[in-house]
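# Coordinate inspection notes
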Amino acid sequence: MRSSTSVSCLTSAPNHLSVRTEEHLPTRFSLDAHIAMLKKGLDEADLVLTTGGTSMGASDLLKPVIERHLGGTIHFGRVKVKPGKPTTFATVPTPRARVPMFALPGNPASALVTFHIFVVPALRRLGGWPEGRCQLPRVKVQVRECCSWIGLLGYGVNNTMGIQLRDTMRLDPRPEYHRVVIKAGSEGLVAYSTGGQRSSRVASLSGANGLVALPARAQDGPAELKAGELAEAVVIGELQMQ
């Protein structure tokens, strides 16, 4: 694991999760050291999480290790999500069980976004949560012009709230999770972009308590969500008051 990114993932885990974490870093950067580190984690943990070493090209180092050296099965090695396309999920056989393993990209924003979207639900499920409550609260709303509307139409994974955008957000060919600060006030819930959304831009994570789920840009559809429209968002932290 890249130390700075992995620590960010571990410390961002929702505080309601009763998860004991251990961080393993190789003493030297060699293939043998990485294999030994992964085997140690697989022997001790119920789930192994790595950051870095996954990519879309020749830098994709981890998948061959999982398959050739650990005898694991890659269930998916890329996702149609921005950021986080190289996100990988595998299971690896051990004497006690097949251990699930998530390999997240090394860029901080990619790792944190995919951690909340993929890993947190898996940890909840491993912890015995009902399947219908494993996802983080997800806001699902109509996109419309300015409003002061906020509705609550369900519970658990079907929580529905209005998020009013205050910043124009460009759409990408892939569905995108845009880091935002969500604030509650007299107008309802308002989402403020944290700025540039490059996957390597750590500042985009500063203060972020939500991920606006931008739809993929359709060929003949709009190129952006405009300020004042409503959008869906995943809540990853405590909401702020204006």
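Right above here is the structure, for reference.
These remarks concern the structure in this document. Quantities reported herein were computed from a predicted structural model and do not represent experimental measurements. (Residues numbered from 1 in each chain as written. Predicted model: local features only at pLDDT ≥ 70, side-chain atom pairs only at ≥ 80, totals over all residues. Heavy atoms only, no water.)

## Here's the deal with the pattern of salt bridges
In the structure shown here, the tally under the stated rule is six salt bridges. In this structure, glutamate 224 and arginine 170 form a salt bridge, with 3.9 Å as the shortest nitrogen-oxygen distance. Highlighted residues: glutamate 224 in strand β11 (residues 224-225) and arginine 170 in strand β7 (residues 169-170), separated in sequence by 54 residues. The class of glutamate 224 is partly exposed, set by a relative accessible area of 23%. Taking the relative accessible area as the measure of exposure, arginine 170 reaches 59% and is therefore exposed. Here the salt bridges do not stand alone but share partners, grouping Lys82, Asp172 and Arg174 into one network. (Salt bridge = Lys/Arg side-chain N within 4 Å of Asp/Glu carboxyl O. Helix = DSSP H or I, 4+ residues; strand = E, 2+ residues; numbered from the N terminus. Buried < 20%, exposed > 50% of the residue type's maximum accessible area, 1.4 Å probe, protein only.)

## Regarding helix α3 (residues 62-69)
Listed as buried for α3 are Leu62, Lys63, Val65 and Ile66. The buried residues of α3 occupy an angular sector of 165° when projected down its axis, which confines them to one face. Buried residues along α3 sit against α2 (31-44), β1 (48-51), β2 (73-76), β3 (88-93) and β4 (98-104). One or two residues past the end of α3 sits glycine 71, with phi positive at roughly 70°. (Arc of directions from axis to C-beta. Contact = heavy atoms within 4.5 Å.)

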